[in-house]
Amino acid sequence: MAHTKQRKRRRRKHIVIILIVLLLTVGAGAGILLKEGLSSDVVAKDGQEATASVDGTPWNLILVNKWNRLPSNYKIELTTLSNGQSVDQRIYPALQQMFDDARQAGIYPIVGSGFRTEKKQKSLMKEKIADYKAKGLSDQEAKEKAEAWVALPGTSEHQLGLGVDINADGVYSTGDQVYQWMEQNSYKYGFIRRYPPDKTDITGVINEPWHFRYVGTDAAAQIHNRGITLEEYLDQVHS
Ligand SMILES: [Zn+2]
């Protein structure tokens, strides 16, 4: 009888120790999350089979611009980041690695805007047009100006989940520091600066130092080293 009690007590002691260890582990985990909370870390995934290729073009090289609309029925599997933005889950590991390395180098980027739905893109366009009209521009002028800044719904890389606007956290880094680091290093992780200032007639988009697109490390290295755009890269690959 006394023996069983003792064993029970010992078992209870074990459970208490396990609980303490668990609490400490969870606490340490939370600490890491808070520290990493400066940028974006994975918190959730939603399940859907992502499109692997369209007309023979692998997903990471799919071209979406003014002249090439988002493929119909394009499916994306998203990873949601800790700040509520989301990206195609296939680019998440590279994005996280890039952010980890940037922080190691004392640069603190955030994902200002990741995946956008068609609806979101439409509302951004509406807001921009309203902004210009409020400044006294005519309907037509406001529309034209807005379209220089915001991609027409169906023509934004943000709808692919492969385009990300990368900004500074505004505390530890400035925009220029982040853009500069990204311009020099992003290709190592498969991301390219998508809209350089001297290529606007090819990309159809004005200079956007914050917008990066995932294309994979091979294409990114070539595009970076040769100073070309995704449009030019695809032209050369296909010709
Ligand atoms: Zn963008």
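Residues numbered from 1 in each chain as written. Predicted model: local features only at pLDDT ≥ 70, side-chain atom pairs only at ≥ 80, totals over all residues. Heavy atoms only, no water.

By the naming in an unreviewed UniProt entry, the protein is M15 family metallopeptidase, taken from Blautia liquoris.

Undergrad: I would appreciate a short explanation of the pairing of strand β7 (residues 163-168) in the present structure.
TA: Counting buried positions over the six residues of β7 gives five, a clear majority of the element. As paired strands, strand β6 (residues 109-113) and β7 are joined by four bridges and run antiparallel to one another. Pairing of V111 across the sheet is with I166, part of β7. Across three bridges, the pairing between β7 and strand β9 (residues 208-214) is antiparallel. What sits directly across from G163, in β9, is R213. (Buried < 20%, exposed > 50% of the residue type's maximum accessible area, 1.4 Å probe, protein only. Helix = DSSP H or I, 4+ residues; strand = E, 2+ residues; numbered from the N terminus. Pairing = 2+ DSSP bridges.)

Undergrad: How should I be thinking about the packing of helix α7 (residues 217-226) against helix α8 (residues 230-238) in this particular structure?
TA: The relative placement of two packed helices comes down to the angle between their axes together with the axis-to-axis distance. For the pair α7 and α8, the least separation of the axes is 10 Å and the interaxial angle reads 110°. Judged on the interaxial angle alone, α8 and α7 are roughly perpendicular. The crossing of α7 and α8 is right-handed. Counting all contacts with α7, which are made through A219, Q222, I223 and R226, the residues of α8 involved are L230, Y233 and Q236. Residues that form the contact of α7 with α8 fall into these classes: four nonpolar, two polar and one charged. (Axes fitted to C-alpha atoms, helices over the stretch in contact; angles between N-to-C directions. Parallel < 35°, antiparallel > 145°, perpendicular 65-115°, else oblique. Left-handed = near helix turned anticlockwise from the far one by under 90°. Contact = heavy atoms within 4.5 Å. Nonpolar A, V, L, I, M, F, W, Y, C, P; charged D, E, K, R; others polar.)

Undergrad: What is the right way to read the environment of V178 from this model?
TA: Residue position: V178 is located in helix α5 (residues 175-185). Overall, V178 belongs to the buried group, its relative accessible area being 1%. In this structure, the C-alpha to C-alpha distance between V178 and W210, residues 32 residues apart in sequence, is 8.5 Å. With sequence-adjacent residues up to four places away left out, V178 is seen in contact with I107, Y108, P109, I166, N167, A168 and S173.

Undergrad: Explain the pattern of salt bridges to me, please; I cannot follow it from the model alone.
TA: A pair can form between side chains of opposite charge whenever their charged atoms are brought close. Applying the stated criterion to the full structure yields 10 salt bridges. R90 is the salt-bridge partner of D88, the closest N and O atoms lying 2.8 Å from each other. For D88, a relative accessible area of 0% gives the class buried. Sharing partners across several salt bridges, the network here consists of E157, R194, R213 and E231. (Salt bridge = Lys/Arg side-chain N within 4 Å of Asp/Glu carboxyl O.)

Undergrad: It is not clear to me how the confidence of the model for the protein should be interpreted in this structure. Could you clarify?
TA: Close reading of the predicted structure is inappropriate where its pLDDT is low. This prediction gives the protein a mean pLDDT of 85; 79% of its residues lie at or above 70. Of the regions scoring below 50 in pLDDT, residues 22-45 engages in 39 contacts with residues more than four places distant in sequence or in other chains. (pLDDT = per-residue confidence, 0-100.)

Undergrad: Explain the pairing of β9 here, please?
TA: Side-chain direction in a regular strand flips from residue to residue, so the side chains alternate between the two faces of the sheet. The buried fraction of β9 is high, at six of seven residues. Looking at chain direction, strand β8 (residues 191-195) and β9 are connected through four bridges and run antiparallel. Paired with R193 across the strands is F212, a residue of β9.

Undergrad: Is there a simple way to explain the sheet that holds β9 in this structure?
TA: Working definition: the strands of a sheet are paired by backbone hydrogen bonds and lie parallel or antiparallel to each other. Taken in spatial order, the four strands line up as β6-β7-β9-β8 in an open sheet, and their pairing is antiparallel. Edge strands, defined here as strands with exactly one partner in the open sheet, are β6 and β8. The average undirected angle you get between the axes of adjacent strands in this sheet is 45°. Where α5 meets the sheet, its contacts fall on β6, β7, β8 and β9, and the angle it forms with β7 comes to roughly 135°.

Undergrad: Honestly, the environment of L95 in this entry has me stumped. Any pointers?
TA: Here L95 shows up in helix α2 (residues 92-104). Considering only alpha carbons, one finds L95 and F191, 96 residues apart in sequence, at a separation of 8.5 Å.

Undergrad: Mind showing me how you'd approach the nonpolar core here?
TA: Here is a general trend for soluble globular proteins: nonpolar side chains tend to be buried in one another's company. Counting residues in hydrophobic clusters, the biggest one holds 30 residues, and the most contacted among them are L95, M98, I166 and F191. Residue contributions to this core peak at six residues, all from α2. Discounting residues that sit within four places of it in the chain, M98 has contacts with I166, W181, M182, S186, Y189 and F191. Counting 10 residues, the second-largest nonpolar core is a separate cluster that includes I192, V215, A219 and I223. (Core = buried A, V, L, I, M, F, W, Y, C linked by side-chain atoms within 4.5 Å.)

Undergrad: Just checking my understanding: could you explain the packing of aromatic side chains for this structure?
TA: We describe a pair of aromatic rings using the distance from one ring centre to the other and the angle between the two ring planes. This model, assessed by the stated rule, comprises five aromatic pairs. Aromatic side chains Y179 and W210 sit 6.4 Å apart centroid to centroid with 50° between the ring planes, which places their arrangement in the tilted category. Remark: W210 occurs in strand β9 and Y179 occurs in helix α5; sequence separation between them is 31 residues. Since its relative accessible area comes to 17%, Y179 is described here as buried. (Phe/Tyr/Trp six-rings, centres within 6.5 Å; stacked < 30°, edge-to-face > 60°.)

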